[in-house]
Structures are given as structure tokens and as C-alpha cells.
Amino acid sequence: MRRGGRACGVGYILPFVQASFHQGLVNPVKRERSKPSSTDQVTVVECPKCQAPQEVVPVTVLRPGAEALQALFKGALNRVTCGACGTGFVLAVPILYRDDAARFMVYFISTADPAERAEGERQMERVTKQIFSQESGLQPPTCRLVTDRSALIEKITLHERGFDDRIVEYVKYQLFSNPNRENRPDPVRHRLLFDFSADPDGPNLAFVIFDRESGRPTAGAHIPMEVYREVEEAFTTSLKMREELQALFPGTYVSVERLL
Ligand SMILES: [Zn+2]
């Protein structure tokens, strides 16, 4: 399997986009042996601890309602336990979530390098634009790029629940920057993620505040759902505000990190 390194994540993007629209197949990992009934491929990786070879079938495409989505939410997707030494590890493969009916996609590549992320974003936009303007005449789908699994889960959940993730990221920015708010999160120390365990029909839009260093949840934050709806309406009813929202989040990497 391909490992980290600068070219790795970006290199996946192009075949990823082309494959998903031209052949309906996505095979970003080295093919060792095909499984006839599946588009996922058996591949061999080495245990990071004892180097024993392991046969695995990484999941690289997620669709609405797929069983693998539940595994993703539980943190079990592409998690392998070494048959020789029992060490658990996660396969570092990119993942594409595609809801074709809603024309919505999220690409996950694991990278902490902003330059790599930006290059991935540029490639993705170029290719998507090319495919959709030349061949189909359709409006391009909504595409999102995420660089960690928490963000992947968050984007999928927001999409499934009918939220506009740009508005949600804008609301996070307000929570980070409100000078009057007691216990307001600190953008350097904290990260806000949509709380998908909260009641979807509840009165609030809820977030979990995570400590960036430990990765642990430290507190919660929320705004009334009414306020979210007001912000959403303000941003979507006038052309000027729609442009403003577009200017805030110009690419496929839609995150409050862009504003902080
Ligand atoms: Zn091992």
C-alpha cells in the first residue's frame, strides 16, 4: 500500500475523480487480487509493529445507507488487527463519499500539510469542472475536501441532516469570535465539531469542543436552531450575501480554519 509522503494524498485525487465518473470504480490502492463481487480490492500491507504481511480489503467508497458508514461513525472503518501480534492500526487510504442522487461528494485524504491540501483542492476543482462542463452539461456537484476522519463524519452527517456546512462553519466562527461569550472556545486550543449525537429534532444546533492537543472533548457549545435558520436565510436570500458566503469559502475545503 502507498504510505504517507507529500505526493501521496494529492496523487490520489485525479484518478479518484475520473474513476468515479467514467468507470464507476475507485481503486486507489495497489491491486493484488480482484474480488469478483466487489469493487474493493484485496491488498497486502505490513503490520507497522511486527511487519507481518496482512491481507486487507480497504473501503474507499461510501454511499448513503452503506453498512461501512456505520463502521466509519464507530471509528472501525479500515481498522485492522494484525494476525501475528494483535496490534491494531488504520489503513491510510483516501475515502470518497458520494451521494449521486443529491450530487454531493466528500473526498477524504489524510494530510496535515496545508500545501498538499491546497494542491489537492486545485486538482479536484479542475477535474470536476472539466468533466461536468464538457460532457454532461450539468451543474457540477457539491464537492468537499476533508483531511481528517472527524471532518469526514461531520460533513456526511450535516449533509444527511440537510444542513449547509458553510453556514455551520460560519456559526462556528461566530462562537470562536464572540467577545461577550463566557467560556468561549479558543481557536488555538480548541476545535469545534458538529455534535451528531444531539437530537436532530432538538431546539439547538450543538457542537462538541475538542482539545486540539489531546483530541479529547472538553465541553459543548450550541446555538438555538432558530438562529441557525436566520443566518441561513440571511446568507441565501440576497445575491450579495450569497457572494459573501462564496468569498468566505471559495474552494472545496470548507472549514472555519479558513477564517481563523
Ligand atoms: Zn503485527
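It should be noted that the structure appears before, not after, this text.
Report follows, based on the coordinates.

Calculation criteria
Residues numbered from 1 in each chain as written. Predicted model: local features only at pLDDT ≥ 70, side-chain atom pairs only at ≥ 80, totals over all residues. Pairing = 2+ DSSP bridges. Helix = DSSP H or I, 4+ residues; strand = E, 2+ residues; numbered from the N terminus. Axes fitted to C-alpha atoms, helices over the stretch in contact; angles between N-to-C directions. Contact = placed C-beta atoms within 7 Å. Core = buried A, V, L, I, M, F, W, Y, C linked by C-beta atoms within 7 Å. Buried ≥ 20, exposed ≤ 12 C-beta atoms within 10 Å, placed from the backbone. Left-handed = near helix turned anticlockwise from the far one by under 90°.

**A look at the sheet that holds strand S11 (residues 217-224)**
For step 1, the next point in the chain: Overall, antiparallel pairing links the three strands, which are arranged S9-S10-S11 in an open sheet. Edge positions in the open sheet fall to strand S9 (190-194) and S11, since each of these has one partner strand only. Recorded for the sheet is a direction-independent mean angle of 30 degrees between the axes of neighbouring strands.
For step 2, the next point in the chain: Relative to strand S10 (residues 204-211), S9 runs antiparallel, the two being bridged by five bridges. Looking at the pairing, Arg191 lines up with Phe210 of S10.
For step 3, the next point in the chain: Sheet strands in contact with helix H6 (residues 225-237) are S10 and S11, and its direction is about 65 degrees off that of S11.

**Topic: the nonpolar core**
For step 1, the next point in the chain: The biggest cluster of nonpolar side chains holds 22 residues, and the ones touching the most others in it are Ile95, Tyr97, Val106, Tyr107, Phe108 and Leu152.
For step 2, the next point in the chain: Looking at this core, the elements that each hand over two or more residues are strand S3 (61-62), strand S6 (95-99), strand S7 (104-108), strand S8 (142-146) and helix H4 (149-160).
For step 3, the next point in the chain: Those residues in contact with Ile95, other than ones at most four positions away along the chain, are Thr60, Leu62, Phe108 and Leu152.
For step 4, the next point in the chain: One finds Leu158, Tyr170, Phe194 and Phe207 within the second-largest nonpolar core, a separate group that totals eleven residues.

**Section: the pairing of S8**
For step 1, the next point in the chain: Counting buried positions along S8 yields four of five residues, so the element is predominantly enclosed.
For step 2, the next point in the chain: Pairing geometry for S7 and S8, over five bridges, is parallel. Residue Met105 lies in a different strand from S8, and its bridge partner there is Cys143.

**A short note on the environment of Thr87**
For step 1, the next point in the chain: For Thr87, the position within the fold is in the loop between strand S4 (79-81) and strand S5 (88-90).
For step 2, the next point in the chain: A sequence separation of 39 residues divides Thr87 from Pro48, and the C-alpha atoms of the two residues are 8.3 Å apart.
For step 3, the next point in the chain: Setting aside residues no more than four positions away along its own chain, Thr87 makes contact with Cys47, Lys49 and Cys82.

**Here we look at the environment of Arg216**
For step 1, the next point in the chain: Position of Arg216 among the secondary structure elements: in the loop between S10 and S11.
For step 2, the next point in the chain: By the C-beta count within 10 Å, which is 8 here, Arg216 ends up exposed.
For step 3, the next point in the chain: Spatially, the C-alpha atoms of Arg216 and His190 are 9.8 Å apart, while their sequence positions differ by 26 residues.
For step 4, the next point in the chain: Ignoring any residue separated from it by four or fewer positions in sequence, one finds Arg216 in contact with Phe210 and Asp211.

**What to know about the packing of helix H5 (residues 165-177) against H6**
Packed helix pairs are specified by the crossing angle of their axes together with the interaxial distance, meaning the distance between the axes.
For step 1, the next point in the chain: Two elements in contact, H5 and H6, have axes separated by 10 Å at closest approach and are oriented at 115 degrees. For H5 against H6, the interelement crossing comes out right-handed. Of H6, the residues touching H5 (which contributes Ile167, Tyr170 and Val171) are Tyr228, Val231, Glu232 and Phe235.

**Some details on the sheet that holds S3**
Paired through backbone hydrogen bonds, the strands of a sheet run either parallel or antiparallel to each other.
For step 1, the next point in the chain: Strand order in the open sheet formed by four strands is S3-S6-S7-S8, and the pairing between neighbours is mixed. One side of each edge strand has no neighbouring strand; the edge strands of this open sheet are S3 and S8.
For step 2, the next point in the chain: Relative to S7, S6 runs antiparallel, the two being bridged by five bridges. By the bridge assignment for S7, Tyr97 is matched with Val106.
For step 3, the next point in the chain: Here H4 sits on the sheet in contact with S6, S7 and S8, set at roughly 170 degrees to S7.

**Digging into the pairing of S10**
For step 1, the next point in the chain: Of the strand pairs in this sheet, S10 and S11 are connected by seven bridges, and their pairing is antiparallel. Bridging from a neighbouring strand, Val208 pairs with Gly220 of S11.
For step 2, the next point in the chain: Once S10 ends, the chain turns through five residues before running back antiparallel as S11, passing Gly215 with a positive phi of about 75 degrees.

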